[in-house]
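Chain by chain, the residues:
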Amino acid sequence: MSQAPLLEIKHLTTKFSTEQGIVKAVDGVSLHIDPEETVGIVGESGCGKSVTAESILRLFDEKTTEYGGQILFEGRDLLQLSEEEMRKVRGNRISIIFQDPMSSLNPVYTIGDQIMEAIRLHQRASRRQAREKALELLRLTGISDPERRLRSYPHELSGGMRQRVMIALALSCEPRLLIADEPTTALDVTIQAQILELMNELKEKLRMGIMLITHDLSVVAQMCSRVIVMYLGEVVEEAEVTTLFDRPLHPYTSGLLKSVPQLDGRRKQKLYEISGAVPAMHEVEACCRFAPRCPFATELCRSKAPSLEEAEPGHRVRCWHYKDIQANGGGSDGSGLLVTA
Amino acid sequence: MGPAYSSPHEHPLLQVEHLSKTFRVRSRHGWRKEQLKAVEDVSFSIYEGETYGLVGESGSGKSTTGRTILRLTEPTGGKAFFQNEDIFSLPSRRLAFLRKKVQMIFQDPYSSLDPKKRIWSSVAEPLAIHKQGTRKERKERALELLGRVGFSSRHMDRFPHEFSGGQRQRIGIAKALALNPRLIICDEPVSALDVSIQSQILNLLMELQAERGLSYLFIAHDLSVVRHIADRIGVMYLGNLVEEAPTDELFARPLHPYTRFLLSAAPAPHPRLKRERIILQGELPSPVNPPSGCVFHTRCPYAAEPCRQVKPADREVSSGHRVQCHLYGD
């Protein structure tokens, strides 16, 4: 694709000062999202996927947070904008929805008041126009009886309905980019299916890009065209979605894929395990960050950090040994450990 | 490989018959008391060494079912027999028997661990409550169990907050094993864990079962996880057990329209697989004043006249495959 990306992040670092010292939650992340594209960001808790997302909107307290790198969006570097300019981007050009809609909805205002407020904050609209627009948004997100819902309070709605309201709210200003941070994790599978379908429909209709943050690989499989895998603040692999599922190159990615029980897999089999757990951010050393948990790690991995390398067009990986591992069939065949001598 | 559990001819370890649990709640407007039917007329059995999976959406009554078996909430109807003992009519002073033999693992192990106790002491706590062994013996047993679930001696004196979610779940498992139970009720034991940790815990549960001949009641909403670990599965909808079958049979031949819907909703695990999705009308009805007749009729695409009026009976359509649906066979 030759068109300019909708969002381009270059070498983003996000550092927090904490009582334990400086923590680099995001360390040199580069990625892009094209217009009308859904890109998945996957990784486990603590990998920096949510921090990356919230850095785009600069949601952290800037007294204790230091950003580095560039976040290019609509020709501007968001990290250089003033707070006032940034406010015009948030919820207007770029919207975000979270896992728990209850924490983003105000319990003492009606759904209608909250959507109308968002509309009037960013657009010139009378109360009546805002109300019309709010109704239209509720209809768009498939909420039945929108007239009544406009007068409902958040606690009167089910979890799935609240997430629909959040999506309506996020879409109120027709953003170009929607960031969805685990939007269906708290929902039942049946409701999850509805919400994901809704997001897909709306993406087509409104022609926006979606950054979908999730730990659920099957959600990625169903929704995304490209996937970025993060581990401990870094991108470890990036690929087009079918490539990633067919030929994962990073041992972490293939480990993740293998450790999930499959609906068509052999039952009661011992599942693949990635040994150990994600270490704390401040314990990270100057080496491959996955080395302590990697079955293929060598001296090289433990002493020098690999860089993100283009293995084939559009497929990037951060691993010293991905070629050997691939050649030995240790990637995705599920055969488990294969220790390179 | 045959099923790991005993044949159905044998006597079940746990037999639940017509279990009901109704909560009295205050109506939304006013003071009138209403009845919330959390579990309604649920029957199932669990055999020695078997894993029985219970699936359903939130509010389907699967956790309440688990809790009533331990009498953490008192059932309002039905009977249950554990090792032939009628557990719903045990006087409270004899509940100790039940709570030695049946243990529970929770989604959030943190809530069942005392933050001010060293982990070995938490694991030894059930032994102390049931007055087993000397303090020294209890500590030894706790250390042995913690060792079994993957801790080394340097961890034993630490506190729960020093551990990750996966490690805490291991502590919870060690604690549940302390009294040598026969049945463990696992209520969403891996749903709060990261993918790579989830497989470690599932493997551990499967190993412990093989070693000790444990039975599990495995409550979860993740179908691929339940399919992997369970021998038989019961599907719950709005407090009713609408279908039950051996795992492979349920996935190959789901009979209840709700089961089919649930299976179709799970996202396919590979981008090239697209699942034919069944779309259902409406939302889950409230368990306060649930629908008349078949509880699923308000959302069922095939609902006919009898479904609205008559509650379908439990029908065994093939060996071990039960379904509550008027339309089956029509």
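Preceding this paragraph is the structure being described.
Residues numbered from 1 in each chain as written. Chains lettered and ligands numbered in written order. Predicted model: local features only at pLDDT ≥ 70, side-chain atom pairs only at ≥ 80, totals over all residues. Heavy atoms only, no water.

*Asks:* Quick rundown of the sheet that holds strand S2 (residues 33-46) of chain B? Include the residues and the values.
*Replies:* Residues and elements named next belong to chain B. Taken in spatial order, the 4 strands make up an open sheet running S2-S1-S4-S5, and their pairing is antiparallel. The outermost strands of the open sheet, each flanked by one partner alone, are S2 and strand S5 (85-86). Inspection of the sheet shows strand S4 (residues 77-82) paired to S5 by 2 bridges, in the antiparallel sense. The residue of S5 that forms the bridge with Phe-81 is Asp-86. (Pairing = 2+ DSSP bridges. Helix = DSSP H or I, 4+ residues; strand = E, 2+ residues; numbered from the N terminus.)

*Asks:* Please set out the environment of Ile173(B) residue by residue, giving values where relevant.
*Replies:* Residue and element names in this part refer to chain B. With respect to the element layout, Ile-173 can be found in helix H5 (residues 165-177). In this structure the C-alpha to C-alpha distance between Ile-173 and Leu-146, which are 27 residues apart in sequence, comes to 8.9 Å. Excluding anything up to four places from it in sequence, Ile-173 contacts Ile-105, Val-149, Ile-201, Leu-204, Leu-205 and Leu-208. (Contact = heavy atoms within 4.5 Å.)

*Asks:* Lay out the interface of chain A and chain B in plain terms, naming residues and giving numbers.
*Replies:* Contacts between the two partners involve 42 residues from chain A, matched on the other side by 42 residues from chain B. Taken over both partners, the interface formed by chain A and chain B buries close to 3,900 Å², and the fraction arising from carbon and sulfur atoms is 51%. Interface area lost by chain A to chain B is led by Leu263(A), Arg267(A) and Lys268(A), which between them contribute 21%. Summed over the shared surface of chain A and chain B, the result is 3 salt bridges. Ionic pairing is found between Arg267(A) and Asp248(B), a salt bridge with its closest N-O pair at 3.1 Å. (Buried area = accessible area lost by both parts, 1.4 Å probe. Salt bridge = Lys/Arg side-chain N within 4 Å of Asp/Glu carboxyl O.)

*Asks:* Before we move on, can you summarise the packing of aromatic side chains with the specific residues and values?
*Replies:* Two numbers describe a pair of aromatic rings. These are the distance of the centres and the angle of the planes. Enumeration according to the criterion identifies 11 aromatic pairs over all chains in this entry. Where Tyr231(A) meets Tyr252(A), the ring centres are 4.6 Å apart and the plane angle is 55 degrees; that geometry is what we call tilted. In this pair, Tyr231(A) sits in strand S9 (residues 226-231) while Tyr252(A) sits in helix H10 (residues 251-259), placing the two residues 21 residues apart along the sequence. Across this residue pair, the class does not change: Tyr231(A) and Tyr252(A) are buried. Ring centres of Tyr258(B) and Phe296(B) lie 5.4 Å apart, and the angle between their planes is 70 degrees; on these two criteria the pair is classed as edge-to-face. One end of the pair, Tyr258(B), is in helix H9 (residues 257-265); the other, Phe296(B), is in the loop between H9 and helix H10 (305-309), with 38 residues separating them in the sequence. (Phe/Tyr/Trp six-rings, centres within 6.5 Å; stacked < 30°, edge-to-face > 60°. Buried < 20%, exposed > 50% of the residue type's maximum accessible area, 1.4 Å probe, protein only.)

*Asks:* Run through the pattern of salt bridges, naming residues and quoting values.
*Replies:* Scanning the entire structure with this criterion turns up 37 salt bridges over all chains. Taking the shortest distance from any N to any O, the salt bridge between Glu234(A) and Arg289(A) comes out at 3.6 Å. Note that Glu234(A) is positioned in strand S10 (residues 234-240) and Arg289(A) in the loop between H10 and helix H11 (299-303), a separation of 55 residues in sequence. In this structure, Glu234(A) and Arg289(A) share a single accessibility class: buried. For Asp246(A), the salt bridge goes to Arg272(B), with nearest N and O atoms at 2.5 Å. Of the two residues, Asp246(A) sits in helix H9 (residues 241-246) while Arg272(B) sits in the loop between H9 and H10, which places them in two different chains. On the basis of relative accessible area, Asp246(A) is assigned to the partly exposed category, the value being 29%. Residues joined by salt bridges that share partners form a network here, namely Lys24(A), Asp27(A), Glu234(A), Arg289(A) and Arg318(A).

*Asks:* If you had to explain unusual backbone geometry to someone new, which residues and values would you point to?
*Replies:* All names here are of chain B. Positive phi values are uncommon outside glycine, yet Asn-180 reaches one of about 55 degrees. Among the structural elements, Asn-180 can be located in the loop between H5 and strand S7 (183-187). Judged by its relative accessible area of 49%, Asn-180 is partly exposed. The phi dihedral of Asn-289 falls on the positive side, at around 55 degrees, and the residue is not glycine. Topologically, Asn-289 is positioned in the loop between H9 and H10. With relative accessibility at 60%, the residue Asn-289 sits in the exposed group.

*Asks:* Account for the environment of Leu12(A), naming residues and giving values.
*Replies:* Residue and element names in this part refer to chain A. Along the chain, the position of Leu-12 falls in strand S1 (residues 7-18). Accessibility expressed as a relative area gives 0% for Leu-12, which makes it buried. For the pair Leu-12 and Val-227, spaced 215 residues apart in the sequence, the C-alpha separation amounts to 18 Å.

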